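Topology and contacts: notes
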Amino acid sequence: MTDRALSPNPLPLAGEGDVVPLRGDAHYDIAIVGGGPVGAALAAALAGSEYRVAVLEARDVLAAQDPRAIALSQGARLILERIGAWPALAEQATPISTIHVSQRGSFGRAELLASEMGVPALGYVTRYGDLYAALAAQLQQSGATVSTGAQVTAIRSTSGYGAVEFHRGGVEQLLTADLVVLADGGKSLPGRQQVKDYGQTAILCTVTTAQPHGSRAYERFTPEGPMALLPLGEAYALVWTVPNAQAEAVLGLDDAAFLARLHGRFGDRQGRFLTASKRAAFPLRMITSEPVQGPRILRIGNAAQTLHPVAGQGFNLGLRDAWQLGQLIWEADKPALGSAEFCTRYRDRRGPDVSGGMRMTDLMVELFSNDNFVLRHGRGVGLALMDALPPLKKAFARKMMFGAQAW
Ligand SMILES: Cc1cc2nc3c(=O)[nH]c(=O)nc-3n(C[C@H](O)[C@H](O)[C@H](O)COP(=O)(O)OP(=O)(O)OC[C@H]3O[C@@H](n4cnc5c(N)ncnc54)[C@H](O)[C@@H]3O)c2cc1C
């Protein structure tokens, strides 16, 4: 369960001293590897700046078919508003007015209400594809040079420049930049990372229930792993975590058997489960990377940290990476861009939020994914206390909405 190991597949960072800046069109101030939600958000945050920005995206088009639903926090909404992506999302996103937290087979529950927190919604649920499209639209208006179909294969750097090797249209190409930002999601250029395998798989689909959702989300902890129901349109997006050993069996169930098993895990709160869409599976791991990966190379978003989806924090944290890096770039003198001091400043600014978010998420998984008698009762007391004590509830809700540092 808690297997920590260095990734066996290091980022191909070449030795120092062999990068000569390219001239003219092939040299940029900033190169962003990955035009996904976080990379696009960074480019959008730099719109109107003096910097020449290149974005290299492996997909042929800036669009994604992905079964994930993403819960956006109130804090994320504020950033998305500032970079202009919110109006397109607001049309599709479903607000969350209530979050009901409970554990199966024991007492203790807590209910967080947007009205009690003084916010219009505790969060908003959107499809990953809609989020991708909204940010891609801002990326395209940002003034950055965007190359799709560009698969980055290696990064090299010296104290002077970073070099990005990529494959596009059957041709190996190279560009150099003062600062290279990896926003590739962390899978294709793994680098120096620590991996913790939870031994769990998230099974995703949308389900409909007998009772309308009324903008209510559920977080339910079971000994096999947490499950979440997030209101999305008229339906619920389901994130159901199961131990890896059970994943194949659950995925193999037909609709009727799947819905019956889900009902057994979740209970009656929404009445019967009526329909389920096609299921998809994601293995769950926590991956921690050094944000400063070498001279002039920074990681942001999932390329820097990949979290268990239990608290819906991954993108929200990555968006804050992009926003705060954007702010640092705006504040920096041009010659300082990508320098060791600049990279250290970025790491120091993001460190507490990132490590707090990762600790909070990891603790929730470890504390709740078991059937230990003492822990079960402790959790019940904790949930009941949180429900009864408004300041405690407010502090927890603020951390979910604005990050682990918020009070
Ligand atoms: C089941 C599940 C549920 C989740 N739910 C939530 C939630 O409710 N709330 C939340 O905040 N987060 C959630 N997350 C996390 C969220 O999906 C991620 O944090 C977010 O997608 C990270 O965005 P990113 O841009 O860093 O990476 P990605 O979304 O992975 O995008 C990376 C981009 O880089 C491109 N790329 C990759 N390699 C290369 C390369 N070599 N060269 C060029 N381009 C490349 C890819 O094509 C892609 O466009 C969830 C995750 C999972 C698995």
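All values derive from a computational prediction rather than experimental measurement.

Turning next to the pattern of salt bridges. Two side chains that carry opposite charge are able to pair once their charged atoms sit near each other. Taken as a whole and assessed by the stated rule, the structure comprises 14 salt bridges. Note that Arg77 and Glu81 form a salt bridge whose closest N and O atoms lie 2.8 Å from each other. Taken together, the positions of Arg77 and Glu81, both in helix H2 (residues 74–82) and four residues apart, correspond to about one turn of that helix. Note that Glu111 is salt-bridged to Arg216, the shortest N-O span being 2.7 Å. Of this pair, Glu111 sits in strand E7 (residues 109–113) while Arg216 sits in strand E14 (residues 216–222), and the two are 105 residues apart along the sequence. Since its relative accessible area comes to 25%, Arg216 is described here as partly exposed.

It is worth spelling out the site of the ligand at this point. Within the structure, the ligand sits among 31 residues, and Glu57, Arg68, Tyr128, Tyr132 and Asn302 are positioned closest to it. Within the side chain of Arg68, an N or O atom sits 2.7 Å from an oxygen atom of the ligand. Here the ligand, which alone exposes 1000 Å², has 91% of that area covered by the protein. Among the secondary structure elements, those contributing two or more residues to the shell around the ligand are helix H1 (37–45), strand E4 (69–73), helix H5 (128–141), strand E10 (150–157) and helix H8 (314–331). Broken down by class, the residue content of the shell around the ligand amounts to 16 nonpolar, 11 polar and four charged.

Before going further, it helps to spend a moment on the nonpolar core. Soluble globular proteins tend to pack their nonpolar side chains together in the buried interior. Residues Ile30, Leu72, Ile329 and Phe342 are the most contacted members of the largest nonpolar core, which totals 53 residues. When near neighbours in sequence (up to four residues on either side) are disregarded, Phe342 contacts Leu179, Leu298, Leu325, Leu328, Ile329, Ala332, Ala336 and Leu337. Core analysis: the second largest hydrophobic core is formed by 19 residues, Leu204, Leu284, Leu307 and Met400 among them.

Counting through the fold element by element, Phe273 comes out in strand E17 (residues 273–276). Given the relative accessible area of 6%, Phe273 is considered buried. Between the C-alpha atom of Phe273 and that of Ala256, which follows or precedes it by 17 residues, the distance is 9.4 Å. Excluding residues that lie within four positions of it along the chain, Phe273 makes contacts with Val207, Thr208, Thr209, Leu229, Leu259, Leu262, His263, Phe266 and Gly267.

Let us look at the packing of aromatic side chains. Applying the stated criterion across every chain, the model contains six aromatic pairs. Relative to Tyr132, the ring of Tyr128 lies with its centre 5.9 Å away and its plane at 50°, an arrangement referred to as tilted. Of the two residues, Tyr128 and Tyr132 both sit in helix H5, four residues apart, roughly one turn of that helix. One aromatic cluster is present, built from ring pairs that chain together Tyr218, Tyr236, Phe266 and Phe273. A cation sits over an aromatic face here: Arg52 above Tyr28, 4.3 Å from the ring centre. The residue whose ring lies beneath Arg68 is Tyr128, and the NZ or CZ to ring-centre distance is 4.5 Å.

What follows is about the packing of H2 against H8. At a minimum axis separation of 10 Å, H2 and H8 run at an interaxial angle of 40°. As summarised for this structure, H2 and H8 are arranged oblique, according to the angle between their axes. For the pair H2 and H8, the crossing hand works out as left-handed. Here Ala76, Ile79, Leu80 and Arg82 of H2 lie close against H8, whose contacting residues are Asn316, Leu319, Arg320 and Trp323. Class assignment for the residues of the contact of H2 with H8 results in five nonpolar, one polar and two charged.

What counts and what doesn't
- Residues numbered from 1 in each chain as written.
- Predicted model: local features only at pLDDT ≥ 70, side-chain atom pairs only at ≥ 80, totals over all residues.
- Heavy atoms only, no water.
- Salt bridge = Lys/Arg side-chain N within 4 Å of Asp/Glu carboxyl O.
- Helix = DSSP H or I, 4+ residues; strand = E, 2+ residues; numbered from the N terminus.
- Buried < 20%, exposed > 50% of the residue type's maximum accessible area, 1.4 Å probe, protein only.
- Near = heavy atom within 4 Å.
- Polar contact = N/O pair within 3.5 Å; in protein donor to acceptor, adjacent residues only side chain to side chain.
- Areas by Shrake-Rupley, 256 points an atom, 1.4 Å probe, with all protein chains shown as cover.
- Nonpolar A, V, L, I, M, F, W, Y, C, P; charged D, E, K, R; others polar.
- Core = buried A, V, L, I, M, F, W, Y, C linked by side-chain atoms within 4.5 Å.
- Contact = heavy atoms within 4.5 Å.
- Phe/Tyr/Trp six-rings, centres within 6.5 Å; stacked < 30°, edge-to-face > 60°.
- Lys NZ or Arg CZ within 6 Å of the ring centre and 35° of its normal.
- Axes fitted to C-alpha atoms, helices over the stretch in contact; angles between N-to-C directions.
- Parallel < 35°, antiparallel > 145°, perpendicular 65-115°, else oblique.
- Left-handed = near helix turned anticlockwise from the far one by under 90°.

Any link to function would need more than the numbers given here.
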